[in-house]
Amino acid sequence: MGPQVQEKLRYLFRGKGRCFARPEVHSPRARDGNDSPSDTNDTDTDYDTASEGQGYESDEFDRLLTRLQSLEAEEHLVMNADPPDDAASKHWSAECEVQDWLKVRGPNYLRDRRKQAPAPAVMECVKVDVFSFDDGPCTNVANARPESWLNRQRAARTDASASGRDEPWTFVFQFMNPGPPHVSIALYFRPAGRHAGRSLRELLDAEEESPFGRALARFVRGDRKERDARFKMVIALMEAPWALRQTVPRRPVILGKKFALSYHEGDDYFAIDLDLSSSKFAERVYRSLKWCSKHSVEEIVLMIEPHEDDELPEAVLGAARLSKVGDETPRRLPPLTMTRGGGGG
């Protein structure tokens, strides 16, 4: 139990001008058999001293302890600047089982077609935003909307130029689902491990001689045709209704061959929007099976497909798990003209 929780516990037990007796048998430490003389002499004086001849029942003590421990977890979320109405935080995770099921192109794939288990992802999923819009889809949501995780990070960050370092690079992938309401699911990735906190320039410099570094450089510096031919996604349904399993196979897809992709970039980010409505078949499937999302858990893997020997073996750019995203998950956002104080029109 952290110091903030302990302080709250002491405050509540002193509340309203009185202290409360510490339960002797049913306390967490008594149940574990870890009480010692030092536990009861100095550190727990607030719990051992009773005034007004009345003490808390043991179940009330346990209830308070559980509640205060949950408050500590909630404080951690607040420190990470999630808005209070961000229901999406319960529906995603960076923890994936990708290495248990995914196979990527091996070092000699262009000659022997052999695949292998992947290395850990180069970038880590740091946030997922789920928004809905009544007025239409929102392209480049990460940069366009002040409510996005990226813009909230920018607002909270101190001036990067003062430290002499470039700003951390963020890779954003957005599903733009047809509406109304138009649902946006934006996945944010940042360099992980030894690359944590690096800008795109720093990442490319560090990976200049690696297969992934070459593939990434050619992708971000390439034209639309080059990007459309390389950007790859694999979706693995870990839990899903039968109808959805029949529709979404676990195999890689070059997204630019199936959907309209749009690319957006700035000094500190690179974003790709996938417009689901650009495929009439995919839109029909989405509208028919939208109900399945609330009952599904899927892992999403993003890669840049190697086209040259010096880009092999293939690497995982990033991966994320989405869990049971329902109609109540998105945060509904007003039109931008309203958030900027305009009257529309």
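Above this text you will find the structure in question.
These remarks concern the structure in this document. (Residues numbered from 1 in each chain as written. Predicted model: local features only at pLDDT ≥ 70, side-chain atom pairs only at ≥ 80, totals over all residues. Heavy atoms only, no water.)

Take Glu314: it is sitting in the loop between strand E11 (297-304) and strand E12 (316-323). In this structure Glu314 comes out as buried when scored by relative accessible area, which is 5%. At 2.8 Å, the side chain of Glu314 and the side chain of Lys232 are in polar contact. (Helix = DSSP H or I, 4+ residues; strand = E, 2+ residues; numbered from the N terminus. Buried < 20%, exposed > 50% of the residue type's maximum accessible area, 1.4 Å probe, protein only. Polar contact = N/O pair within 3.5 Å; in protein donor to acceptor, adjacent residues only side chain to side chain.)

What follows deals with helix H15 (residues 280-289). Among all positions in H15, only Ala282, Glu283, Tyr286 and Leu289 are buried. Buried residues along H15 cover an arc of 150 degrees about the axis, so they all sit on one side. Away from its buried face by more than 90 degrees, H15 exposes Lys280, Phe281, Arg284 and Ser288. Its buried side turned inward, H15 meets strand E5 (170-177), strand E6 (182-191) and helix H14 (242-247). (Arc of directions from axis to C-beta. Contact = heavy atoms within 4.5 Å.)

Let's shift gears to the pattern of salt bridges. This model, assessed by the stated rule, comprises 22 salt bridges. For Arg230, the salt bridge identified is with Glu226, shortest N-O distance 2.6 Å. With Arg230 and Glu226 both in helix H13 (residues 224-230) and four residues apart, this pair spans about one turn of that helix. For Arg230, a relative accessible area of 2% gives the class buried. A single network of salt bridges, built from pairs that share partners, joins Glu209, Arg214, Arg218, Glu226, Arg230, Asp310 and Glu311. (Salt bridge = Lys/Arg side-chain N within 4 Å of Asp/Glu carboxyl O.)

Moving on, we get to the sheet that holds strand E4 (residues 123-133). One open sheet accounts for six strands, arranged E9-E10-E5-E6-E4-E13; its pairing is mixed. Of all strands in the sheet, those with a lone pairing partner are strand E9 (260-266) and strand E13 (331-333), marking the two edges. Between one strand axis and the next, the sheet turns by 25 degrees as a mean value, whatever way the strands run. Both E4 and E13 contribute to a ladder of three bridges, which runs parallel. The residue bridging Ser132 from the neighbouring strand is Arg332, located in E13. (Pairing = 2+ DSSP bridges. Axes fitted to C-alpha atoms, helices over the stretch in contact; angles between N-to-C directions.)

So, on to the environment of Pro180. Here Pro180 is to be found in the loop between E5 and E6. Given the relative accessible area of 66%, Pro180 is considered exposed. Spatially, the C-alpha atom of Pro180 lies 8.9 Å from that of Pro137, the residues being 43 residues apart in sequence.

A few words on the pairing of E6. Among the ten residues of E6, ten are classified as buried, and the element is accordingly described as predominantly covered. Here ten bridges tie E4 to E6, and the two strands are oriented antiparallel to one another. If you follow Cys125 over to E6, its bridge partner there is Phe189. Sheet topology note: the E5/E6 ladder contains seven bridges and is antiparallel. Across the sheet, residue Phe173 finds its bridge partner in E6, namely Leu187. From the end of E5 to the start of E6, which pair antiparallel, there are four residues.

So far we have only geometry, and geometry alone does not tell us how the molecule works.
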